[in-house]
Amino acid sequence: MKALQYLLIITAIAFAGCEKDNYDGPTAGLAGRFVDAETGELVQQDIIRGTQIELLEHGYDPVTPQYLVVKVDGTYENSLLFENTYTIQPKRGNFIDLAPQDMLIRGKSTLDFTVTPYIRVLEPSIVKNGNKVVATFKLQQNVVNNVKKIGLYGHRDLQVGEPMRLAATEQTLNAVTNPATVYTLEIDLPANSSTLKPGADYYFRIGALIDVGEAKLNYAAAVKIGI
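Residues numbered from 1 in each chain as written. Predicted model: local features only at pLDDT ≥ 70, side-chain atom pairs only at ≥ 80, totals over all residues. Heavy atoms only, no water.

**Quick look at the overall build of the protein**
For step 1, the next point in the chain: The number of helices and strands found in the protein is one helix and 16 strands.
For step 2, the next point in the chain: When each of the 227 residues of the protein is scored for burial, the buried share is 38%.
For step 3, the next point in the chain: A total accessible area of about 12,700 Å² is found for the protein, and carbon and sulfur atoms account for 51% of it. (Helix = DSSP H or I, 4+ residues; strand = E, 2+ residues; numbered from the N terminus. Buried < 20%, exposed > 50% of the residue type's maximum accessible area, 1.4 Å probe, protein only. Areas by Shrake-Rupley, 256 points an atom, 1.4 Å probe, with all protein chains shown as cover.)

**Description of the confidence of the model for the protein**
For step 1, the next point in the chain: When pLDDT is averaged along the protein, the result is 92, and 90% of the positions lie at 70 or above.
For step 2, the next point in the chain: A low-confidence stretch, residues 1-20 (pLDDT under 50), is modelled with zero contacts involving residues beyond four sequence positions or located in other chains. (pLDDT = per-residue confidence, 0-100. Contact = heavy atoms within 4.5 Å.)

**Remarks on the environment of Val147**
For step 1, the next point in the chain: Residue position: Val147 is located in strand S11 (residues 147-155).
For step 2, the next point in the chain: Judged by its relative accessible area of 0%, Val147 is buried.
For step 3, the next point in the chain: Sequence separation of Val147 and Tyr118 is 29 residues, and the distance between their C-alpha atoms is 9.3 Å.
For step 4, the next point in the chain: Discounting chain neighbours no more than four positions away, the residues touching Val147 are Ile119, Leu139, Gln141, Leu173, Asn174, Ala175, Thr177, Leu209 and Ile210.

**Structural notes on the pattern of salt bridges**
For step 1, the next point in the chain: According to the stated counting rule, one finds 13 salt bridges in the structure shown.
For step 2, the next point in the chain: Across the pair Lys91 and Glu54 runs a salt bridge, and its minimum N-O distance is 4.0 Å. Residue Lys91 is found in strand S5 (residues 84-91), and its partner Glu54 is found in strand S2 (residues 52-57); the two are separated by 37 residues along the sequence.
For step 3, the next point in the chain: Exposure remark for Glu54: the relative accessible area of 12% places this residue in the buried category. (Salt bridge = Lys/Arg side-chain N within 4 Å of Asp/Glu carboxyl O.)

**Examining the sheet that holds strand S13 (residues 183-188)**
For step 1, the next point in the chain: Reading across from one edge, S9-S10-S13 is the order of the three strands in this open sheet, with antiparallel pairing throughout. Each edge of the open sheet is held by one strand with a lone partner, namely strand S9 (119-129) and S13. The mean inter-strand angle of the sheet, taken between neighbouring strand axes irrespective of direction, is 20°.
For step 2, the next point in the chain: Pairing analysis gives six bridges linking strand S10 (residues 132-141) to S13, with the strands arranged antiparallel. Directly across from Val134, in S13, lies its bridge partner Glu186. (Pairing = 2+ DSSP bridges. Axes fitted to C-alpha atoms, helices over the stretch in contact; angles between N-to-C directions.)

**Re the packing of aromatic side chains**
For step 1, the next point in the chain: Throughout the structure, instances matching the rule amount to five aromatic pairs.
For step 2, the next point in the chain: Aromatic ring contacts, followed pair by pair, group Phe34, Tyr76, Phe95 and Phe113 into a single cluster.
For step 3, the next point in the chain: A cation over an aromatic ring shows up here: Arg205 above the ring of Tyr219, its NZ or CZ 3.8 Å from the ring centre. (Phe/Tyr/Trp six-rings, centres within 6.5 Å; stacked < 30°, edge-to-face > 60°. Lys NZ or Arg CZ within 6 Å of the ring centre and 35° of its normal.)

**Observations regarding the sheet that holds S2**
For step 1, the next point in the chain: Here four strands make up an open sheet; going across it, the order is S3-S2-S5-S6 and the pairing antiparallel. One side of each edge strand has no neighbouring strand; the edge strands of this open sheet are strand S3 (66-69) and strand S6 (101-105). The average angle at which neighbouring strand axes cross in this sheet is 35°, direction not considered.

**A short note on the nonpolar core**
For step 1, the next point in the chain: Counting residues in each nonpolar core, the largest one holds 29 residues, and the members touching the most others are Val133, Leu139, Ile150, Leu152 and Phe204.
For step 2, the next point in the chain: Contributing elements (two or more residues each) for this core: S9, S10, S11, strand S12 (167-175), S13 and strand S14 (201-210).
For step 3, the next point in the chain: Counting residues per element, this core draws most heavily on S14, which supplies five residues.
For step 4, the next point in the chain: Discounting chain neighbours no more than four positions away, the residues touching Ile150 are Phe137, Leu139, Thr169, Glu170, Gln171, Leu173, Tyr183, Leu185, Gly207 and Ala208.
For step 5, the next point in the chain: Core analysis: the second largest hydrophobic core is formed by 18 residues, Ala28, Leu30, Phe34 and Tyr86 among them. (Core = buried A, V, L, I, M, F, W, Y, C linked by side-chain atoms within 4.5 Å.)

In structure tokens, the structure reads:
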């Protein structure tokens, strides 16, 4: 009998510990865009190791930062946030730093960031020319730092970029660029036939990296090419 009573007590404690909490789930969301202050165009990003948006929720000490990932096209969205006031700041981006700002996120909230990219990739052209994919473009710097490198990247996925590529050609510059200079990068298709299969479609994207701390590459939009 004592053993049975002991078992009933233990069972009751276990059920009490499994009681459903009374906290509501996340009911708010935040979405927006990264917009070039001069051109009004979306600022292209990397989906891997790219710009992130740091959110610090008010009312907690210490508070654990949350991070929102920015999509390749320069937009972002998270629909699983708790309604509250947050301190918001993009981190480690490909544009001149922005100051943090406080915002009440309630329901479906929107916040666009108007930014000045470190580099603009101008007049981009990517075409298949014989057995090569050829990119030509110009660069416009918006800071005095050197441009570390430029690159042409290829992948089966639209998310193509420096950290996500099947083939690439990069050139080290380490110099301030002339906006009138036309740069040319080529990917040799026969030399990359093990990863770029003939008869298939691939996406190619031009990128350039500024020499600033944790800066990420600036890009032109990806171009789809059948090889």
